[in-house]
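Here's the letter readout for the chains.
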Amino acid sequence: MERRKHTARSSRDPLKIQNKKERNSMKTRIGQFARSVSIIGVGVTPLGNVQVNPELKDMTERELFAWACMEAMEDAGLEAKDIDCLYVGHVFSESHSGQISTSGMFSRWIGMNEKPGFRHETACCTAVSGLRHAVLAVASGMHDVAISGCVDINLSNAMIGLPPFNRTPAVFEDVLYDSNALGCDQAYWYPGGEIMAFLEGAYIAYGKKYGYSLDQLIDAISKCSINSRRNAMNNPLALLVSENYEDEAKKFGFDDPMNYLKSKFNPLIGAIQGFKHTTGVADGASALIVCPTEMAKKLIKDRPVVEIAGLGMTTSSGYQQPGSPMSFDLESFAQSFTQAGIKDPYKELDYMAIHDCCAQHYMTVTEAAGYFKPGEALHAVMEGRIAPEGDKPVNTSGGRLNLGHPIAGAAGYEIAEAVWQMQGKCGARQIKKQPETVLVHGLGAGFHVASAVLRAV
Amino acid sequence: MVKMQPYVKMWYDYLEEGKIMGLKCKKCGAYEFPPVPVCNSCSGTDLEWVEMKGTGKLISFSIMQLMDKVQVKYGRRYIGQVQLTEGPAFTATLEDFDLNKREELYDRLPADVNMGIMQFDGFKFVSFKLKD
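Just so you know, these numbers come straight off a predicted model, no measurement behind them.

**A short note on the overall build of chain A**
(1) Moving on: Within chain A, the secondary structure is distributed over 16 helices and 13 strands.
(2) Moving on: Relative to the globule expectation of 23 Å for 457 residues, the C-alpha radius of gyration of chain A, 21 Å, shows essentially globular dimensions.
(3) Moving on: Here the C-alpha coordinates of chain A stretch approximately 55 × 55 × 50 Å along the principal axes.
(4) Moving on: The buried share of chain A, taken over its 457 residues, is 62%.
(5) Moving on: Considering only residue pairs separated by 6 or more positions, chain A has 75% of its internal contacts joining residues 24 or more positions apart.

Here you go:
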């Protein structure tokens, strides 16, 4: 198999620019898959709270995992016996579920007892890592059909010694510690801050670079939150939101939701970002099934087949990423674009799915990908171009900001949304021109950036 | 034969002595700060402990207001993202700047900073202070 070096990174490396030399001289060698692989089925559960929402009430991780996987099998038109291996993404298996090695326990729940598989996690981009595992298993020729399912229950904890439907509500400070501190290197990072502060720093550097005022930066993240809430309100999977920001603002005496999001009702959690500019965790699961493209084309006749045209993945110790764009994003995208043959992402990408745990990623991450030109995204957001009806749509699902953040399964919701967009299944959220080429971005604490280019074939 | 050292403890021990230390690659001259045993620039494994200059540029900042069960002990504070003079970047507390003057700090970016050492609960860690 031919292995070729990519060159997409060098000219865009911020470390190189800032240090006047190439700090990291290593290049990831990116080859091509031994055979083309496509997504044949996707499945997700609604996102909510297993102790509150009737749709999810009393379910354990097992039912959520099985629900998403069974949806994916139904979507693919396959049964469990047709699938060769499974990958189980489960981030908080120890701290919230009181279990390790859950792939063993969950396999029987989807009819795959004694099939090969393992549990894995890369925090919030676990589902893109799961896609990567599944694709590589099939592309290598070792298996024909692979399933990746991801699950977490984040809003409550299993109780030691009791059957797992007995749960105690999670304490906010504990959830915060789990979702932020566990993903910060305790040796060299955590005393110097945490993830949300770090990511906000990238946005402030972005604003400085392009001469935007702090007020402009705040307005842009508010606009992103309003757009995201509107999308989530059009998404029946979103159980944790109940009204648009326009209506919520009126209840508190504000005619303009932009002013509401600048008020005391959106308390600051950083220098400029408020609570409603960031994500809230949720309980849920997502799954996807991949197989050779040739096989997918035989099985799927009524909708476009979605090929995984490129994969990217970076690992990085976080605290060494100064400014914006962040080099771990650039490198991951460069890998995906190299494999997919994307030369001009601005022209070639029809839709982008980002990990929007904080609203500033609509600016910093989209520009790192070249989906917007440098400095353009802030204006694009203010002009409504990222909405489903805009010319540069992003996260039509409502994303992590308002659909909810199930940690392990998070990116699976965006992969599913991308597939549904490419297949024209998104209803009120549907992009007018069905996208044909899509970039998916996943950011996991630690850090990891896992990305994928999806292409309708 | 690999000669591994307890890098993390050594780094914290140096901070107790008032020294901010990093590793310099003997092969390519790049710095690893904080210390790790393999050079991420050239893959070299022969690195030596050196005292850092203690200077850098503040590239960006945030304010820690989202307090988990540990961070709550340290209260609201600026977090600075700094490009050190030797090359590596680092993230740590920015001390002695008014939390109500975020616009002024934003206007001053990129700003020269000195590195300092800050006392936490049971250990010391690197911090930054604006020059002048």
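**Quick notes on helix α7 (residues 214-233) of chain A**
Since the α-helix packs 3.6 residues into each turn, any two residues three or four apart lie on the same face.
(1) Moving on: Taking 1.5 Å as the rise per residue, α7 of chain A with 20 residues should run 28 Å; its terminal C-alpha atoms sit 29 Å apart, in good agreement.
(2) Moving on: The element α7 of chain A is largely enclosed, with a buried count of 16 among its 20 residues.

**Some remarks on the environment of G29 of chain B**
(1) Moving on: By the element assignment, G29 of chain B lies in the loop between β1 (21-25) and β2 (31-32).
(2) Moving on: For the pair G29 of chain B and G44 of chain B, spaced 15 residues apart in sequence, the C-alpha separation works out to 9.8 Å.

**Side note on the nonpolar core**
All names here are of chain A.
(1) Moving on: Counting residues in each nonpolar core, the largest one holds 184 residues, and the members touching the most others are A72, I289, V290, I308, I415, V440 and L454.
(2) Moving on: Top element by residues in this core is helix α6 (residues 195-210). It accounts for 10 residues.
(3) Moving on: Among residues more than four places away in sequence, those in contact with V290 are V37, S38, I39, I40, A134, V135, V138, A146 and I308.
(4) Moving on: Membership of the second largest hydrophobic core comes to 5 residues, among which are I226, Y245, A249 and L261.

**Comments concerning the sheet that holds strand β6 (residues 146-152) of chain A**
Residues and elements named next belong to chain A.
(1) Moving on: Taken in spatial order, the 9 strands make up an open sheet running β5-β4-β6-β9-β3-β10-β13-β12-β11, and their pairing is mixed. Looking at the sheet topology across the chains shown, the edges are occupied by β5 (117-120) and β11 (351-353). With direction set aside, neighbouring strand axes in the sheet form an average angle of 25°.
(2) Moving on: Across 2 bridges, the pairing between strand β3 (residues 37-44) and strand β10 (residues 306-315) is antiparallel. Within the sheet, the bridge partner assigned to I39 lies in β10 and is V306.
(3) Moving on: Of the strands in this sheet, β3, β4 (85-89), β5, β6, β9 (284-292), β10, β12 (437-444) and β13 (448-456) are in contact with helix α4 (residues 126-139), which crosses β6 at around 165°.
(4) Moving on: Together, β10, β12 and β13 form the strand contacts of helix α11 (residues 327-340), whose direction differs from that of β10 by roughly 150°.

**So, the interface of chain B and chain A**
(1) Moving on: At the interface, 34 residues of chain B touch 37 residues of chain A.
(2) Moving on: Taken together, the elements giving at least two residues each to the side of chain B that touches chain A come down to β4 (55-64), β5 (77-84), β6 (89-94) and α2 (102-108) of chain B.
(3) Moving on: A per-element tally of the side of chain B that touches chain A places β4 of chain B first, with 6 residues.
(4) Moving on: Among the residues forming the side of chain B that touches chain A, the class breakdown is 19 nonpolar, 11 polar and 4 charged.

**Topic: the sheet that holds β1 of chain B**
By definition, the strands of a sheet pair up through backbone hydrogen bonds, in either a parallel or an antiparallel sense.
(1) Moving on: Spatial ordering of the open sheet is given by β2-β1-β3 (chain B), a layout of 3 strands whose pairing is antiparallel. Each edge of the open sheet is held by one strand with a lone partner, namely β2 and β3 (47-51) of chain B.

**Thoughts on the domain arrangement of chain B**
Residues and elements named next belong to chain B.
(1) Moving on: Taken domain by domain, chain B comprises domain 1 (7-51) and domain 2 (55-130).
(2) Moving on: Look at where the C-alpha atoms of domain 1 and domain 2 centre, and you get two points 21 Å apart.
(3) Moving on: Taken residue by residue, the interface counts 9 residues in domain 1 and 11 residues in domain 2.
(4) Moving on: At 3 residues, the largest contribution of residues to the side of domain 1 that touches domain 2 is made by helix α1 (residues 7-16).

**A few points about the environment of R132 of chain A**
Residue and element names in this part refer to chain A.
(1) Moving on: The residue R132 is located in helix α4 in this model.
(2) Moving on: As a C-alpha pair, R132 and S148 span 16 residues in sequence and 9.1 Å in three-dimensional space.
(3) Moving on: Setting aside residues up to four positions removed in sequence, R132 forms contacts with L311, M313 and A450.

**Points about the pairing of strand β7 (residues 111-119) of chain B**
Where a strand is regular, its side chains alternate between the two sheet faces.
All names here are of chain B.
(1) Moving on: As paired elements, β4 and β7 share 4 bridges and run antiparallel to each other. Looking across to β7, one finds that K57 is bridged to D112.
(2) Moving on: Both β7 and strand β8 (residues 124-130) contribute to a ladder of 7 bridges, which runs antiparallel. Each bridged residue has a counterpart across the sheet, and for G116 the counterpart in β8 is S127.
(3) Moving on: The antiparallel pairing of β7 with β8 creates a hairpin that spans 4 residues between the two strands, and G122 there sits at a positive phi of about 100°.

**Remarks on the domain arrangement of chain A**
Residue and element names in this part refer to chain A.
(1) Moving on: Assigned domains of chain A: these are domain 1 (3-27 + 309-450) and domain 2 (37-174 + 281-294).
(2) Moving on: Using only C-alpha atoms to locate each centre, domain 1 and domain 2 end up separated by 24 Å.
(3) Moving on: Those elements giving two or more residues to the side of domain 1 that touches domain 2 turn out to be β10, α16 (410-422), β12 and β13.
(4) Moving on: A total of 7 residues in the side of domain 1 that touches domain 2 trace back to one element, the largest contributor, which is α16.

**Observations concerning unusual backbone geometry**
Trans peptide bonds make up the majority, and among non-glycine residues the majority have a negative phi.
All names here are of chain A.
(1) Moving on: Between G446 and the following residue, F447, the backbone shows a cis peptide bond with an omega angle of 10°.
(2) Moving on: Secondary-structure assignment places F447 in the loop between β12 and β13.
(3) Moving on: Phi is positive for N395, which is not a glycine, with a value near 45°.
(4) Moving on: Along the polypeptide, N395 turns up in the loop between α14 (377-382) and α15 (399-403).
(5) Moving on: Classification of N395 as buried rests on a count of 31 C-beta atoms within 10 Å.
(6) Moving on: One non-glycine residue with positive phi stands out, namely I407, at about 55°.
(7) Moving on: Relative to the elements of secondary structure, I407 occurs in the loop between α15 and α16.
(8) Moving on: Accessibility expressed as a C-beta count within 10 Å gives 32 for I407, which makes it buried.

**What about the environment of K347 of chain A?**
All names here are of chain A.
(1) Moving on: Within the secondary structure, K347 is located in helix α12 (residues 345-348).
(2) Moving on: For K347, a count of 10 C-beta atoms within 10 Å translates into the label exposed.
(3) Moving on: A C-alpha to C-alpha distance of 21 Å links K347 and E417, two positions 70 residues apart in sequence.

Quick notes on the rules
- Residues numbered from 1 in each chain as written.
- Chains lettered and ligands numbered in written order.
- Predicted model: local features only at pLDDT ≥ 70, side-chain atom pairs only at ≥ 80, totals over all residues.
- Helix = DSSP H or I, 4+ residues; strand = E, 2+ residues; numbered from the N terminus.
- Rg over C-alpha atoms; globule rule 2.2 N^0.38 Å.
- Buried ≥ 20, exposed ≤ 12 C-beta atoms within 10 Å, placed from the backbone.
- Contact = placed C-beta atoms within 7 Å.
- Expected span 1.5 Å × (residues − 1).
- Core = buried A, V, L, I, M, F, W, Y, C linked by C-beta atoms within 7 Å.
- Pairing = 2+ DSSP bridges.
- Axes fitted to C-alpha atoms, helices over the stretch in contact; angles between N-to-C directions.
- Nonpolar A, V, L, I, M, F, W, Y, C, P; charged D, E, K, R; others polar.
- Domains from an automatic or database assignment.

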